[in-house]
Amino acid sequence: MNIFLDGLIVPEAEAVVSVYDHGFLYGDGIYETMRSYDGVVFMLSRHIKRLQRSAHLIRLEAPEKERLTDAVYATIEANNLSDAYIRITLSRGKGPIGLDPGLCGKHTLVVIAEPFREYPALCYERGVHLIFAKTRRNLAEAVDPKIKSLNFLNNILAKMEAKERGAYEAVMLNAAGFLTEGTVCNIFFVRHGILYTPSVAAGILDGITRELVIGLARKNGIKVEEGKFYPEDLLGASEVFFTNTTAEVMPVARVEDREFEVGEITRVLRSLYRAEVRRYVSNNSR
Ligand code: PLP
């Protein structure tokens, strides 16, 4: 693949970053993941805004919106992609060993774009298996989950638990035992026709897909409640699904040993989301 690295498009073999980059040494940096459909990056402005917010929260200067937009589209075009997975990585940059970000010169900006690999159809037809991880989600007062940081070990530890237990994804609780989110997704569940999802105050990344799904649900007469919920609330649900940019709306067939059908509200929201993508793509085609 061709990679965008600090203003240049270079072949993957030449896209190398210094071993002194503080992103590598300390996980000091941030990122965003996006998806393009027919050559249009869905919700690009929202992703750029969130990248800039993450940068602000770690006091890292982020490039302007125009520069990031150009970098993303240049990378897609350099690889002749239409339906792509795209990742922007922004690290603190190269500097001597030592935690002080002031030691680093300029940030490092990388954009990767690859052909989008569809999730197996069976995942959407039947749903996937989740577990509750023993690993708790970072406290907002420690490393705020709102920062989409390069230090992803919290989530990686939970993901390893899911893998070890033969599950697809792990749901993390916060220190107080409330539901937060998956390792790369937000969690929703339905009880008595009402859609529930942990609030941002529970300590989650406020997913762009989550926000869109909440809006679509409300617009279509589905009541949504954001709040503090326990694992038992999830286990007592009639439907469960998760959301993120790449998987969109993904049904859940099992949480621990409790099984779920792919329910009506999940199906409706999945098809409303897909329609929203189509509408966005036709309104924003370049
Ligand atoms: N929560 C975490 C921890 C994530 O890493 C992600 C996406 O990568 C999400 C939630 C979902 O966010 P979005 O819908 O913006 O992709």
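Residues numbered from 1 in each chain as written. Predicted model: local features only at pLDDT ≥ 70, side-chain atom pairs only at ≥ 80, totals over all residues. Heavy atoms only, no water.

Trainee: I keep staring at the pairing of strand 12 (residues 224-227) and nothing clicks. Help me out?
Mentor: For a regular strand, side-chain orientation follows a simple rule: the groups alternate between the two sheet faces. In the sheet, strand 11 (residues 194-198) pairs with strand 12 via 4 bridges, with the strands oriented parallel. In the strand pairing of strand 12, T197 is matched with E226. A crossover links strand 11 with its parallel partner strand 12, the connecting element being helix 6 (residues 208-219), and its sense is right-handed. (Pairing = 2+ DSSP bridges. Helix = DSSP H or I, 4+ residues; strand = E, 2+ residues; numbered from the N terminus. Right-handed = clockwise from strand over helix to strand, strands pointing away.)

Trainee: Sorry if this is basic, but what is going on with the sheet that holds strand 1 (residues 2-5) here?
Mentor: Within a sheet, each strand pairs with its neighbour through backbone hydrogen bonds, oriented either parallel or antiparallel. If you walk across this open sheet you meet the 6 strands as 2-1-6-5-3-4, and the pairing is antiparallel. Strands at the two margins of the open sheet, each flanked by one partner only, are strand 2 (8-11) and strand 4 (40-41). Relative to strand 2, strand 1 is paired through 4 bridges, and the arrangement is antiparallel. Within strand 2, the position partnered with N2 by the bridge is P11. Across the sheet, helix 2 (residues 44-57) is in contact with strand 3 (29-37), strand 4 and strand 5 (84-91); its angle to strand 3 comes to roughly 175 degrees. Where helix 8 (residues 264-283) meets the sheet, it contacts strand 3 and strand 4, and its direction lies at approximately 85 degrees from that of strand 3. (Contact = heavy atoms within 4.5 Å. Axes fitted to C-alpha atoms, helices over the stretch in contact; angles between N-to-C directions.)

Trainee: Would you mind showing me how to read the packing of aromatic side chains here?
Mentor: The description of an aromatic ring pair rests on the distance of the ring centres and on the angle between the ring planes. Tallied over the entire structure, the rule returns 12 aromatic pairs. Each ring, one from Y37 and one from F42, has its centre 6.0 Å from the other, and the planes form 90 degrees; the classification is edge-to-face. The burial state of Y37 is the same as that of F42; both residues are buried. For the pair F189 and F229, a centre-to-centre distance of 5.3 Å together with 85 degrees between the ring planes defines the contact as edge-to-face. Pair noted here: F189 is in strand 10 (residues 186-191) and F229 is in the loop between strand 12 and helix 7 (231-235), with a separation of 40 residues, a long-range link. With relative accessibility at 10%, the residue F229 sits in the buried group. The cationic tip of R35 hangs over the ring face of F116; the distance from NZ or CZ to the ring centre is 3.7 Å. Above the ring of Y73, the side-chain terminus of R286 is found at 3.4 Å from the ring centroid. (Phe/Tyr/Trp six-rings, centres within 6.5 Å; stacked < 30°, edge-to-face > 60°. Buried < 20%, exposed > 50% of the residue type's maximum accessible area, 1.4 Å probe, protein only. Lys NZ or Arg CZ within 6 Å of the ring centre and 35° of its normal.)

Trainee: Would you take a moment to explain a negative patch on the surface for this structure?
Mentor: Negative charge collects at one region of the surface, where E61, E64, E66 and D70 lie side by side. Counting through the fold element by element, E61 comes out in the loop between helix 2 and helix 3 (65-78). Of the residues examined, E61 reaches a relative accessible area of 67% and is grouped as exposed. (Patch = residues over 30% accessible without salt bridge, like charges linked within 9 Å, V, L, I, M, F, W, Y side chains within 5 Å. Areas by Shrake-Rupley, 256 points an atom, 1.4 Å probe, with all protein chains shown as cover. Salt bridge = Lys/Arg side-chain N within 4 Å of Asp/Glu carboxyl O. Lys, Arg positive; Asp, Glu negative; His and termini not counted. Charge placed at Lys NZ, Arg CZ, Asp CG, Glu CD.)

Trainee: Please explain the pairing of strand 5 as it appears in this structure.
Mentor: Burial analysis of strand 5 places 6 of its 8 residues in the buried class, which makes it a mostly covered element. In terms of strand pairing, strand 3 meets strand 5 through 8 bridges, oriented antiparallel. The residue bridging T33 from the neighbouring strand is R87, located in strand 5. When strand 5 meets strand 6 (residues 108-115), the two strands line up antiparallel, connected through 8 bridges.

Trainee: I tried to follow the pattern of salt bridges on my own but got confused; where do I start?
Mentor: Two side chains bearing opposite charge may form a pair once their charged atoms approach each other closely. Per the stated rule, a full pass over the model turns up 17 salt bridges. Measuring nitrogen to oxygen at the nearest pair gives 2.7 Å for the salt bridge that ties R53 to D206. Placement of R53 in helix 2 and of D206 in the loop between strand 11 and helix 6 is noted, with a sequence separation of 153 residues between them. For D206, a relative accessible area of 18% puts it in the buried group. Its salt-bridge partner being E181, residue R137 comes within 2.7 Å of it at the nearest N-O pair. Note that R137 is positioned in the loop between strand 7 (128-132) and helix 5 (153-164) and E181 in strand 9 (residues 179-182), a separation of 44 residues in sequence. Taking the relative accessible area as the measure of exposure, R137 reaches 8% and is therefore buried. When its relative accessible area of 4% is taken as the criterion, E181 is described as buried. A single network of salt bridges, built from pairs that share partners, joins R35, E118, E248, R270 and R274.

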